[in-house]
Amino acid sequence: MPGKNSPIGVFDSGLGGLTVVHALRQRLPAESIIYFGDTARVPYGTKSAKTVTHFSLQIVEFLIQRQVKLIVVACNTASAVALSLLQQNNTIPLVGVIEPGARAAVAATLSHHIGIIGTRATINSNAYTRTLQELDPDSRITSAACPLFVPLAEEGWADGKIAELVAQEYLAPFQSSNIDTLIPGCTHYPLLKKTIQSLLPDHVTLIDSPQAVAAEVASILKNDGIASDSEAGELQCFVSDMPQRFEELAQRFLGEPLGQVTLLQLD
Ligand code: DGL
């Protein structure tokens, strides 16, 4: 049975979920984290719901074996298509990224007109739209898939000419709509924050989804009485392929150097 000093499990299709780990480590420094990045099978955003669900079930099984006390599904695509099934199959809390981001957007909007960007799978799932409309039936939503943002962030091209040109195309629907709040509904998009913000009118608020997720996790740990009382939490990373590349790129997403990364194939 996991206890209060057991780790939190976090998983993503690859590197991007480290933006959520970064927020968790800032907000909850006493918590240990086991991170799984499915680098062998990334991207999830171009795959079917069935495939992403299958991958997610395997990863959750691995994390449960490691005795985690709570799991964060840091991947927006996996949260969009697999979270409810994962929650049905497990007794520990499973936190996705859609609802915390949507809640923060509903709290921030004045016009009730909210924009969402994400992978194709996330946008096609309508998960954000459904959640936003449940939270605020008056909300109007404009959404767009921005698939090239993921490789741009991984390549370190989040700022500069190429990112701007790509973002101009993707964000055109928001320039003419009158959204006042935008949810960057993908793990990688926080890295493109400056570029995205520069192409939107000044009054548009960009939601910080990783912060919203960290706040949700903090509140669950407190309410369930399972917050860690250790001195300092540790971070342990597992990936399904290319641990060295993960180590090289991780700092960009995590904002701090990474410890050792372990290769683990799930199939
Ligand atoms: N982690 C994915 C997400 O947040 C982005 C990368 C991918 O397509 O796998 O949707």
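Just above, that's the structure.
Below, the structure is looked at part by part. Note that residues are indexed from 1 along each chain, following the sequence as it is written. Reporting of local features is limited, given that this is a predicted model, to residues whose pLDDT is at least 70; pairs of side-chain atoms are given and counted only at 80 or more, and all residues count toward the totals for whole chains, interfaces and linings. Think of the side-chain values as coming from all heavy atoms in the structure, minus any hydrogens and water.

## Description of the site of the ligand
- We call a residue near a molecule or strand when any one of its heavy atoms sits within 4 Å of it. In the vicinity of the ligand, 14 residues are found, and the nearest of them are Asp12, Ser13, Tyr44, Gly45 and Thr77.
- In the analysis that follows, any N or O atom pair within 3.5 Å is treated as a polar contact, provided that within protein one partner can donate a hydrogen and the other can accept it, and provided that, for residues neighboring in sequence, both atoms belong to side chains. At 2.6 Å from an oxygen atom of the ligand is found a side-chain nitrogen or oxygen belonging to Ser13.
- Within the backbone of Asn76, a nitrogen or oxygen atom sits 3.0 Å from an oxygen atom of the ligand.
- For this scheme, ten residues count as nonpolar: Ala, Val, Leu, Ile, Met, Phe, Trp, Tyr, Cys and Pro. Four count as charged, namely Asp, Glu, Lys and Arg, and the remainder, Gly too, count as polar. Its residues placed into classes, the shell around the ligand shows 6 nonpolar, 7 polar and 1 charged.

## Overview of the sheet that holds strand β9 (residues 235-239)
- A strand pair is defined by DSSP finding two or more bridges across the two strands. Secondary structure elements are defined from DSSP: runs of H or I of at least 4 residues count as helices, runs of E of at least 2 residues count as strands, and each element is numbered from the N terminus. Taken in spatial order, the 6 strands make up an open sheet running β4-β3-β1-β2-β9-β10, and their pairing is parallel. Both outer strands of the open sheet, β4 (94-95) and β10 (261-263), are each paired with one neighbouring strand and no more.
- Where strand β1 (residues 8-12) lies against strand β3 (residues 70-73), 4 bridges are found, and the strand directions are parallel. Across the sheet, residue Phe11 finds its bridge partner in β3, namely Val73.
- Against the sheet, helix α1 (residues 18-27) touches β1, β2 (33-37), β3 and β9, its axis set at about 170° to β2. Between two residues, a contact is recorded if the distance between any of their heavy atoms is within 4.5 Å. Note on geometry: axes are lines fitted to C-alpha atoms, helical ones only across the stretch in contact, with angles between N-to-C directions running from 0 to 180 degrees.

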